[in-house]
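Descriptive analysis of the structure
What follows is the residue order along each chain.
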Amino acid sequence: MVLLQLEKERLIWRARQVAGPDHRRQSSFYPNLDAHLQGGWPQTGLVELACGPIGIGELRLLLPLLAQAQSRLQVWINPPAELNGQALAQHGIDLSQTLLIRCQNPQQALWSAEQSLNSGCCSHLILWAPKLTAPQAKRLQVSAKDNQALIFWLNSQAEPSTSALPVSARLSLSPLATGLRLQIHKYQGQWPQHPCQVDMHALWPSLAVPSHGPTHLAKAPINNIVALPLQLR
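Just so you know, these numbers come straight off a predicted model, no measurement behind them.

1. What about the overall build of the protein?
- Within the protein, the secondary structure is distributed over six helices and eight strands.
- Overall, the protein shows an N-to-C arrangement of helices and strands of α-α-β-α-β-α-β-α-β-α-β-β-β-β.
- Looking at the 233 residues of the protein, the share that counts as buried comes to 48%.
- In the protein, the proportion of contacts linking residues at least 24 apart, taken out of those at least 6 apart, comes to 68%.
- Summed over its atoms, the accessible surface of the protein is roughly 11,800 Å², and 57% of this surface lies on carbon and sulfur atoms.

This is how it looks when you write it as structure tokens:
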């Protein structure tokens, strides 16, 4: 009976089980990605996104979710460039519910992330950090789950970490002319799958396929989102 209850709550799963959508997940607001993730992003926990070079569309991937989930604070820690507050507001981000934190070193950034999660005041946290150790990832994972928050860890690696970090999901991103190609390397509760292409043209019409030259390697700009200082009061 205990095992059946754990399976019902998706705390354990059978290797041969073909699971349906998990309605406790939160939508990415990209239908094909939600279908690929069997419902969307986790409700809580730590998600690793290996982005490679910055500005390939990683913020476009997260903005629809962040624009819809603003009942609590959203915390941005150590973005690699200045944020454009006007552009964020135009994409639906409530700046009064947005906290930008700049830290001098990775240790301070991790401390700030953990404190933000443990405050219980934030629903989503975006952390730019070059790497995490297993103990660091575990602390963030536990803090996020205990405080009903989801943290996206963005790093500049072309491929995600190979160590057995305790994360809820691990994905790598690569640019396409009209969006992103996502490879899911780990997702709790399901097997890794074939790559998924996320078309962002409907939300960002400027992402048009070029009329000449290669179409699969077109690198999107940083969306005018990391250009001007984000002023918060």
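2. Description of the environment of L37
- Examined against the element boundaries, L37 turns out to sit in the loop between α2 (31-36) and β1 (45-50).
- Overall, the relative accessible area of 0% leaves L37 in the buried class.
- Expressed as a C-alpha distance, the spacing of L37 and S27, which sit ten residues apart in the sequence, is 9.4 Å.
- Setting aside anything within four residues of it in sequence, one finds L37 in contact with R25, I184, Y187 and Q190.

3. Notes on the side chain of T98
- Position of T98 among the secondary structure elements: in strand β3 (residues 98-101).
- Its relative accessible area of 6% is what places T98 among the buried residues.
- Reaching out from T98, the side chain makes a polar contact with the backbone oxygen of D94 at a distance of 2.9 Å.

Parameters at a glance
Residues numbered from 1 in each chain as written. Predicted model: local features only at pLDDT ≥ 70, side-chain atom pairs only at ≥ 80, totals over all residues. Heavy atoms only, no water. Helix = DSSP H or I, 4+ residues; strand = E, 2+ residues; numbered from the N terminus. Buried < 20%, exposed > 50% of the residue type's maximum accessible area, 1.4 Å probe, protein only. Contact = heavy atoms within 4.5 Å. Areas by Shrake-Rupley, 256 points an atom, 1.4 Å probe, with all protein chains shown as cover. Polar contact = N/O pair within 3.5 Å; in protein donor to acceptor, adjacent residues only side chain to side chain.

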